[in-house]
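# Summary of the model geometry
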Amino acid sequence: MGEIDFVVTWVDMDDPKWKKTFAEYSGRTENEKNSVSVARFRDYGFLKYWFRGVEKFAPWVRKIHFVTCGQKPEWLDENHPKINLVDHEDYIPTQFLPTFNSNVLEHYLHKIPDLTEHFVYFNDDFFIINAVEKERFFKNGLPCDIAAFRLNFGESQWNKMLRNNIRIINQHFDKKEVMRQFSDKWHNKVYGKKARLNYLFKHFNRFFVLRTPHNAQPFLKNTFEDVWKNCEKELIAASANRFRSTTDLTPELFRTWQACKGDFEPYNTYDDTKMFPLLIKPKQAVKAIYNQSYKLICLNDNVHIRNYQQVMRNIDNAFEHILPEKSSFEK
């Protein structure tokens with residue numbers, strides 16, 4: 001297994017310059033119509049625990065590509081040998097900037113300077129809370145992932161974006177041929193009941209949306225290059241959306257493309273990762289952090305969280321319990 005990089009995106013919504021630019025392009029400081037809200041950008045100061053978790057539980061990482069729009073936390077040591085501070089303009093075509101659409105940031109990840117072939121993509125609400133080895137993300141040089149279908153009948157913006165991805169997948173791949181050629185990967189026993197729809201939908205000719213474990217995702221850089229080679233027109237059109245839109249494409253396009261090419265090793269991601277919607281499961285999230293119940297967790301924010309300040313203090317206390325020491329990434 002070669003070297004592995006981490007990529008993490010972050011924005012400081014309290015930055016006056018960012019606020020001004022956001023207001024200029026959105027027409028308001030909070031644009032729910034475009035799915036841009038406080039919950040999407042706010043930061044309660046947990047980022048330092050992301051870096052502490054990486055250093056303590058994944059010290060083998062070669063480099064961290066920290067992607068921002070010209071921002072950085074005051075406490076971050078940008079001169080740390082493992083940190084590559086990446087501005088949006090360093091890898092995204094200027095005609096699509098500024099952008100407030102995370103999907104656009106993700107379309108061009110392969111363009112990040114000095115990025116390794118094997119990398120793991122994090123949002124800033126994905127955290128490592130227990131020891132994790134390289135083999136959790138890559139095995140035999142391939143990303144570890146689960147290829148299992150799920151139903152996607154909802155009309156939310158996110159569901160519509162996922163359907164955009166799968167339409168493109170069906171234009172480029174023959175489902176029956178893919179599942180015949182890589183049957184051992186698409187019908188692998190490690191998925192357990194998570195893959196039951198793979199069997200139920202066996203005779204359908206078209207792909208369905210894959211299950212989406214909302215957590216750190218391993219990728220091959222050449223997957224992005226291949227998708228761009230075949231889908232440049234669609235990706236450029238989607239890149240013009242400065243805010244999230246129902247016409248967006250998401251990283252699931254690249255992930256599903258990877259699966260259809262057979263470029264993955266079967267792994268039940270749900271075994272050691274968990275997404276906690278803080279609107280309904282704040283206590284469970286706190287308990288999971290204290291007990292280090294998983295290797296990776298996602299803390300999904302929401303503007304309607306009750307007792308928000310107390311919830312965040314409880315989470316902060318839990319992180320401080322397992323990661324009390326400053327990392328070398330902190331000044």
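Residues numbered from 1 in each chain as written. Predicted model: local features only at pLDDT ≥ 70, side-chain atom pairs only at ≥ 80, totals over all residues. Heavy atoms only, no water.

All right, on to the overall build of the chain then. A count of helices and strands for the chain gives 12 helices and 11 strands. For 331 residues, the compact-globule estimate of 2.2 N^0.38 gives 20 Å, and the chain sits close to it at 19 Å. If one aligns the C-alpha atoms of the chain with their principal axes, the spans along those axes are about 55 × 45 × 40 Å. A burial count over the chain gives 54% of its 331 residues as buried. Restricting the contact set of the chain to residue pairs at least 6 apart, pairs at least 24 apart contribute 77%. About 15,400 Å² of surface is accessible on the chain, with carbon and sulfur atoms providing 48% of the total. On the chain, the mean spot of the 49 positive side-chain charges and the mean spot of the 43 negative ones are 7 Å from each other. (Helix = DSSP H or I, 4+ residues; strand = E, 2+ residues; numbered from the N terminus. Rg over C-alpha atoms; globule rule 2.2 N^0.38 Å. Buried < 20%, exposed > 50% of the residue type's maximum accessible area, 1.4 Å probe, protein only. Contact = heavy atoms within 4.5 Å. Areas by Shrake-Rupley, 256 points an atom, 1.4 Å probe, with all protein chains shown as cover. Lys, Arg positive; Asp, Glu negative; His and termini not counted. Charge placed at Lys NZ, Arg CZ, Asp CG, Glu CD.)

Take the sheet that holds strand E5 (residues 126-128) next. The strand order across the open sheet formed by three strands is E5-E11-E10, and the pairing between neighbours is mixed. Each of the sheet's edge strands pairs with one partner strand only, and the pair in question is E5 and strand E10 (273-277). Taking each pair of neighbouring strands and ignoring which way they run, the sheet shows an average axis angle of 25 degrees. Both E10 and strand E11 (residues 296-300) contribute to a ladder of five bridges, which runs parallel. The partner of Lys 274 across the bridge, within E11, is Ile 297. (Pairing = 2+ DSSP bridges. Axes fitted to C-alpha atoms, helices over the stretch in contact; angles between N-to-C directions.)

In this section: the confidence of the model for the chain. As a note on interpretation, predicted positions should not be read in detail where pLDDT is low. Scored by pLDDT, the chain has a mean of 93; 94% of the residues are at 70 or more. Note that residues 31-36 has pLDDT below 50 and, in this model, 13 contacts with residues that lie over four places away or in other chains. (pLDDT = per-residue confidence, 0-100.)

The next thing to look at is the nonpolar core. Residues Phe 6, Trp 50, Phe 122 and Leu 299 are the most contacted members of the largest nonpolar core, which totals 50 residues. Every element with two or more residues in this core is listed here: strand E1 (4-9), helix H3 (47-57), strand E2 (63-68), strand E4 (118-122), E5, helix H11 (282-291), E11 and helix H12 (308-322). Ignoring anything within four residues of it in the chain, the contact list for Trp 50 reads Phe 6, Val 8, Ile 64, Phe 122, Phe 126 and Phe 127. Counting 49 residues, the second largest nonpolar core, distinct from the first, contains Phe 149, Leu 162, Ile 166 and Met 179. (Core = buried A, V, L, I, M, F, W, Y, C linked by side-chain atoms within 4.5 Å.)

Of note, the bond from Leu 97 into Pro 98 is cis; its omega dihedral lies within 30 degrees of zero at -5 degrees. Even without being a glycine, Asn 140 presents a positive backbone phi close to 55 degrees. Within the secondary structure, Asn 140 sits in the loop between strand E6 (138-139) and strand E7 (142-145). Phi at Gln 292 is positive, roughly 50 degrees, even though this residue is not glycine. Tracing the backbone through its elements, the reader meets Gln 292 in the loop between H11 and E11. Looking at Gln 292, the relative accessible area reads 26%, which means it is partly exposed.

Right, let's get into the packing of aromatic side chains. Applying the stated criterion across every chain yields a total of 34 aromatic pairs. Here Phe 6 and Phe 137 contribute two aromatic rings whose centre-to-centre distance is 6.0 Å and whose plane-to-plane angle is 75 degrees, an arrangement assigned as edge-to-face. Of the two residues, Phe 6 sits in strand E1 while Phe 137 sits in the loop between E5 and E6, which places them 131 residues apart along the sequence. As far as the burial class goes, Phe 6 and Phe 137 line up, both buried. (Phe/Tyr/Trp six-rings, centres within 6.5 Å; stacked < 30°, edge-to-face > 60°.)

Moving on: the pairing of E2. Each regular strand shows side chains that alternate between the opposite faces of the sheet. Of all six residues making up E2, six are buried, and the element is well covered by its neighbours. Alternating positions in E2 separate into two faces, Lys 63, His 65 and Val 67 on one and Ile 64, Phe 66 and Thr 68 on the other, with burial throughout. In this structure, E1 lies alongside E2, joined through five bridges in parallel fashion. Pairing of Val 8 across the sheet is with Phe 66, part of E2.

For the rest of this paragraph, the subject is the packing of H3 against H12. With their axes 11 Å apart at the nearest point, H3 and H12 run at an angle of 25 degrees to one another. The orientation of H3 relative to H12 falls into the category roughly parallel. Where H3 crosses over H12, the two elements pack in a sense that is left-handed. The segment H3 lies against H12, with Lys 48, Tyr 49, Arg 52 and Lys 56 engaging Asp 316, Phe 319, Glu 320 and Ile 322. Along the lines of polarity and charge, the residues of the contact of H3 with H12 split into three nonpolar, no polar and five charged. (Parallel < 35°, antiparallel > 145°, perpendicular 65-115°, else oblique. Left-handed = near helix turned anticlockwise from the far one by under 90°. Nonpolar A, V, L, I, M, F, W, Y, C, P; charged D, E, K, R; others polar.)

The topology assignment puts Asn 159 in helix H5 (residues 157-172). Asn 159 gets classed as buried once you look at its relative accessible area, which sits at 13%. Those residues in contact with Asn 159 that lie beyond four places of it in its chain are Arg 150, Asn 152 and Gly 154.

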